[in-house]
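# Results of the structural survey
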Amino acid sequence: MELNKIENILEKYFQGETTIAEENQLKEYFSSSDVAQHLEQYKPMFGYFSQVKQQQSTQNLENLALSETIPLKTKKRNVAWLSIAASVVVLLGIGTYLLVSEESAAPALTAQSELGTYDNPEEALKETQKALALLSNNVNVGIESMQYIKEYEQTKNKIFKQ
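In this text, all values refer to a predicted model and were calculated from it rather than measured experimentally. (Residues numbered from 1 in each chain as written. Predicted model: local features only at pLDDT ≥ 70, side-chain atom pairs only at ≥ 80, totals over all residues. Heavy atoms only, no water.)

## Quick notes on the pattern of salt bridges
Scanning all chains against the criterion turns up three salt bridges. Two residues, glutamate 127 and lysine 130, come together in a salt bridge whose shortest N-O distance is 3.3 Å. Of this pair, glutamate 127 and lysine 130 both sit in helix α5 (residues 121–159), separated by three residues, roughly a single helical turn. Among the residues examined, glutamate 127 registers a relative accessible area of 31% and is labelled partly exposed. Looking at lysine 130, the relative accessible area reads 54%, which means it is exposed. (Salt bridge = Lys/Arg side-chain N within 4 Å of Asp/Glu carboxyl O. Helix = DSSP H or I, 4+ residues; strand = E, 2+ residues; numbered from the N terminus. Buried < 20%, exposed > 50% of the residue type's maximum accessible area, 1.4 Å probe, protein only.)

Written out as structure tokens, the structure reads:
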């Protein structure tokens, strides 16, 4: 009866359905000297768990003893210096931003006022034709790319008949 009970608990253990009390029964059984021959293979596993538990409790006691003998020193940060340093960094950032934006604003204003204005109508026509030719070339490249996609679609439809 005892052996059947242990085997049932062991089966539940490997399925992850045991309670703490059942796991304690398994530990007690495998720590004893009268373990069944076909269950000997599980003995080192349960022995390892108890050994690790003892080792952890010993380490916890040692750590507790060390912490009582060594006084812990807390570090006090000087918050005032930290806030002053943060303020300086923020002010430098704002100053740099204003300086860079002021320098870049001046050329942009003159370029905007001259954008698209020509005194000579012939020069304006040539520039407009250049811009439209560039646009046309880019549109033609896009249309040629669409031809490849169309060819791919036709080939795909031949292979995968829908």
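That shown, we press on.
## Details of the side chain of glutamate 22
Mapped onto the elements of the fold, glutamate 22 is located in helix α2 (residues 20–31). Classification of glutamate 22 as buried rests on a relative accessible area of 16%. Here the side chain of glutamate 22 touches threonine 19 through a polar contact of 3.0 Å, landing on its backbone nitrogen. (Polar contact = N/O pair within 3.5 Å; in protein donor to acceptor, adjacent residues only side chain to side chain.)

## Considering the packing of helix α1 (residues 2–15) against α2
Between α1 and α2, the shortest axis-to-axis distance is 10 Å and the interhelical angle comes to 120°. Here α2 runs oblique to α1, going by the angle between their axes. Both α1 and α2 take part in a crossing whose hand is left-handed. Contacts between α1 and α2 involve Leu3, Lys5, Ile6, Ile9, Leu10, Lys12 and Tyr13 on the former and, on the latter, Glu22, Glu23, Gln25, Leu26, Tyr29 and Phe30. Across the contact of α1 with α2, the residue classes tally to eight nonpolar, one polar and four charged. (Axes fitted to C-alpha atoms, helices over the stretch in contact; angles between N-to-C directions. Parallel < 35°, antiparallel > 145°, perpendicular 65-115°, else oblique. Left-handed = near helix turned anticlockwise from the far one by under 90°. Contact = heavy atoms within 4.5 Å. Nonpolar A, V, L, I, M, F, W, Y, C, P; charged D, E, K, R; others polar.)

## Here's the deal with α2
Counted at 1.5 Å a residue, the expected span for α2 with its 12 residues is 16 Å, and the 16 Å between its end C-alpha atoms agrees. Glu22, Leu26, Tyr29 and Phe30 are the residues of α2 that are buried. Angularly, the buried residues of α2 cover 90° about the axis, an arc narrow enough to put them on a single face. Residues of α2 that are exposed and point over 90 degrees away from its buried face: Ile20, Ala21, Glu28 and Ser31. (Expected span 1.5 Å × (residues − 1). Arc of directions from axis to C-beta.)

## A closer look at the packing of aromatic side chains
Under the counting rule described, the total for this entry stands at one aromatic pair. Ring geometry for tyrosine 13 and phenylalanine 14: centres 5.6 Å apart, planes at 70°, overall edge-to-face. Judged by relative accessible area, which is 45%, phenylalanine 14 ranks as partly exposed. (Phe/Tyr/Trp six-rings, centres within 6.5 Å; stacked < 30°, edge-to-face > 60°.)

## Thoughts on the confidence of the model for the protein
Summing up the model confidence of the protein, the mean pLDDT is 77 and the portion of residues at 70 or higher is 72%. Here helix α3 (residues 43–69) is the element of the protein with the lowest mean pLDDT, 62, and α5 is the one with the highest, 84. (pLDDT = per-residue confidence, 0-100.)

## With respect to a nonpolar patch on the surface
A grouping of Trp81, Ile84, Val88 and Leu92 is seen on the molecular surface, where their side chains present a nonpolar patch of about 450 Å² in accessible area. Tracing the sequence through the fold places isoleucine 84 in helix α4 (residues 79–114). (Patch = residues over 30% accessible without salt bridge, like charges linked within 9 Å, V, L, I, M, F, W, Y side chains within 5 Å. Areas by Shrake-Rupley, 256 points an atom, 1.4 Å probe, with all protein chains shown as cover.)

## Some words on the side chain of threonine 18
Locating threonine 18 in the fold gives a position in the loop between α1 and α2. Side chain to side chain, threonine 18 and glutamate 23 meet in a polar contact 3.0 Å long. Beyond its immediate sequence surroundings of up to four residues, threonine 18 is in contact with Ile9, Lys12, Tyr13 and Glu23.

## Focus: the nonpolar core
Counting 11 residues, the largest nonpolar core consists of Ile6, Ile9, Leu10, Tyr13, Leu26, Tyr29, Phe30, Val35, Ala36, Leu39 and Phe46. Among the secondary structure elements, those contributing two or more residues to this core are α1 and α2. The greatest single-element share of this core, amounting to four residues, is contributed by α1. (Core = buried A, V, L, I, M, F, W, Y, C linked by side-chain atoms within 4.5 Å.)

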